[in-house]
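# Examination of the molecular architecture
As a plain string of letters, each chain reads:
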Amino acid sequence: MTLTDLPFPGSLRERGESKGELPTSLVDRFGRVHRDLRISLTDRCSLRCTYCMPAEGVPWIAKDNLLSTDELVRVAAVAAGLGITEVRLTGGEPLLRRDVVDVVRRMAAIPVRRSSADGGGVSGPRHDMLEVSITTNGLRLAELAPALRDAGLARVNISIDTLRRDRFAELTRRDRLDDVLAGIDASIAAGFAPIKLNAVPMRGVNDDEFADLVRFAVERGAELRFIEQMPLDAGHTWSRAEMVTGEEILGVLSREFALEPVGERGSSPAEVFSIDGGPATVGVIASVTAPFCGACDRVRLTADGQVRNCLFARTEDDLVPILRGGGSDEDLARVLARSIAVKRAGHGIDEPGFLQPSRPMSAIGG
Ligand code: SAM
Ligand code: SF4
């Protein structure tokens, strides 16, 4: 039996689709339309953030098993044909990949399919090509920001959890804060605006810096987004009791700034607040305490070609036999649609039987 012969799951069959009919969109059984494809370019990283990777790293994906540029672009094009409008490159550290500028250039030239069935449900500006963005630790941005902009990269998110050099070195196990700061400056200089800065709040680590991080972002015209720490660390040491909640962050920030909720959340995971009357804003992504699963429009592709329908998925769909076995684009489309069709309602972190996925965040693509 080839992958093409595999039967569709019930929900697709109920909608009248069979193996003979091609999926045209990525809609799950809860009606969630998927627009956002997160692609991990590599599981390797130049930092070792304690909440993500152990000091010694993790067993890396073998080089031969990493998808090639052509394979990545092919999957992105098939996904665009199924209604994906945005691709976010991540990792691991996506800028470690030597062909990253080429990947951006080729993906940003992929036309997106917008049919009448889209019904205006596309939020944000309309683009005729895939919108390509990146989440990075910023270490190589000083060098790469202009080339990435030139290649058509639309947006940049840079992770920065602390502004203190000694603390950064301890938290990431690398003394590279200056490189991140240079990367932020270079991105702004290259014209990426507004950039977003991601920070994971950690008790006893950076919980005295929340307001400083916000001021740092505001001074640069950037939006800081606090992301609740999730159970995705390689060491499986996450504890619900220990994590800093979105509510706590807002409590701390409210003592320093006047915060007002801004706009509708839509499919965005962040709740956004204006700071002191705006226009500056700060976001809180309360993935654990206020999950946004009901509006999730994301699907993920790991660097070794596995489709994951959720960060916390315990199963994956392998595209490699199709990509490397002479399969067709239609075969790829079917596997993508099948993965979305069986997506669960939510991540289930608070459910009694919750099990952390075996892949850490760095190997999934955050
Ligand atoms: N290396 C890049 C970076 O750090 O931006 C991209 C990959 S990283 C996995 C993507 C984002 O996930 C970063 O903002 C990082 O802080 C966040 N992250 C990693 N582990 C996390 C965890 N356990 N909980 C919440 N966020 C996490
Ligand atoms: Fe690397 Fe990003 Fe994980 Fe830090 S969060 S170890 S920068 S992949």
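Structural notes, computed from the coordinates. Note that this is a predicted model, so its numbers are computed, not measured.

Calculation notes
Residues numbered from 1 in each chain as written. Chains lettered and ligands numbered in written order. Predicted model: local features only at pLDDT ≥ 70, side-chain atom pairs only at ≥ 80, totals over all residues. Heavy atoms only, no water. Helix = DSSP H or I, 4+ residues; strand = E, 2+ residues; numbered from the N terminus. Buried < 20%, exposed > 50% of the residue type's maximum accessible area, 1.4 Å probe, protein only. Contact = heavy atoms within 4.5 Å. Areas by Shrake-Rupley, 256 points an atom, 1.4 Å probe, with all protein chains shown as cover. Pairing = 2+ DSSP bridges. Axes fitted to C-alpha atoms, helices over the stretch in contact; angles between N-to-C directions. Near = heavy atom within 4 Å. Nonpolar A, V, L, I, M, F, W, Y, C, P; charged D, E, K, R; others polar. Core = buried A, V, L, I, M, F, W, Y, C linked by side-chain atoms within 4.5 Å. Right-handed = clockwise from strand over helix to strand, strands pointing away.

## Some words on the overall build of the protein
- Scanning the protein for helices and strands turns up eleven helices and twelve strands.
- Within the protein, the fraction of its 366 residues that count as buried is 54%.
- For the protein, contacts bridging at least 24 residues in sequence account for 72% of all contacts bridging at least 6.
- Split by element, the accessible area of the protein, about 15600 Å² in all, is 51% carbon and sulfur.

## Things to note about the sheet that holds strand S2 (residues 86–91)
- With respect to topology, twelve strands assemble into an open sheet ordered S7-S8-S9-S6-S5-S4-S3-S2-S1-S10-S11-S12, the strand pairing being mixed. Looking at the sheet topology across the chains shown, the edges are occupied by strand S7 (259–261) and strand S12 (317–318).
- In terms of strand pairing, strand S8 (residues 271–275) meets strand S9 (residues 281–285) through four bridges, oriented antiparallel. The residue bridging Val272 from the neighbouring strand is Gly283, located in S9.
- This element, helix H3 (residues 100–107), spans strand S1 (36–42), S2 and strand S3 (131–136) of the sheet and lies at about 165° to S2.

## What to know about the site of ligand 1
- The immediate surroundings of ligand 1 are formed by 18 residues, with Tyr51, Gly92, Glu93, Ser159 and Met230 found nearest.
- Notes on ligand 1: free accessible area 540 Å², of which the protein chains cover 95%.
- A per-class count over the shell around ligand 1 returns six nonpolar, ten polar and two charged.

## Considerations on the site of ligand 2
- Around ligand 2, the structure places Cys45, Leu47, Cys49, Cys52, Gly92 and Asn137.
- Class assignment for the residues of the shell around ligand 2 results in four nonpolar, two polar and no charged.

## With respect to the nonpolar core
- One finds Ile39, Leu89, Met107, Leu148, Leu197 and Phe226 to be the most contacted residues of the largest nonpolar core, which totals 101 residues.
- The greatest single-element share of this core, amounting to seven residues, is contributed by helix H2 (residues 69–81).

## Details of the pairing of S2
- When you tally the buried positions in S2, you get six out of six residues, the bulk of the element.
- Of the two faces of S2, the one lined by Glu86, Arg88 and Thr90 and the one lined by Val87, Leu89 and Gly91 are each fully buried.
- Here S1 runs beside S2; their pairing, made up of six bridges, is parallel. Looking at the pairing, Leu37 lines up with Val87 of S2.
- Between the parallel pair S1 and S2, the chain is carried across by H2, and the sense of this crossover is right-handed.
- Both S2 and S3 contribute to a ladder of four bridges, which runs parallel.

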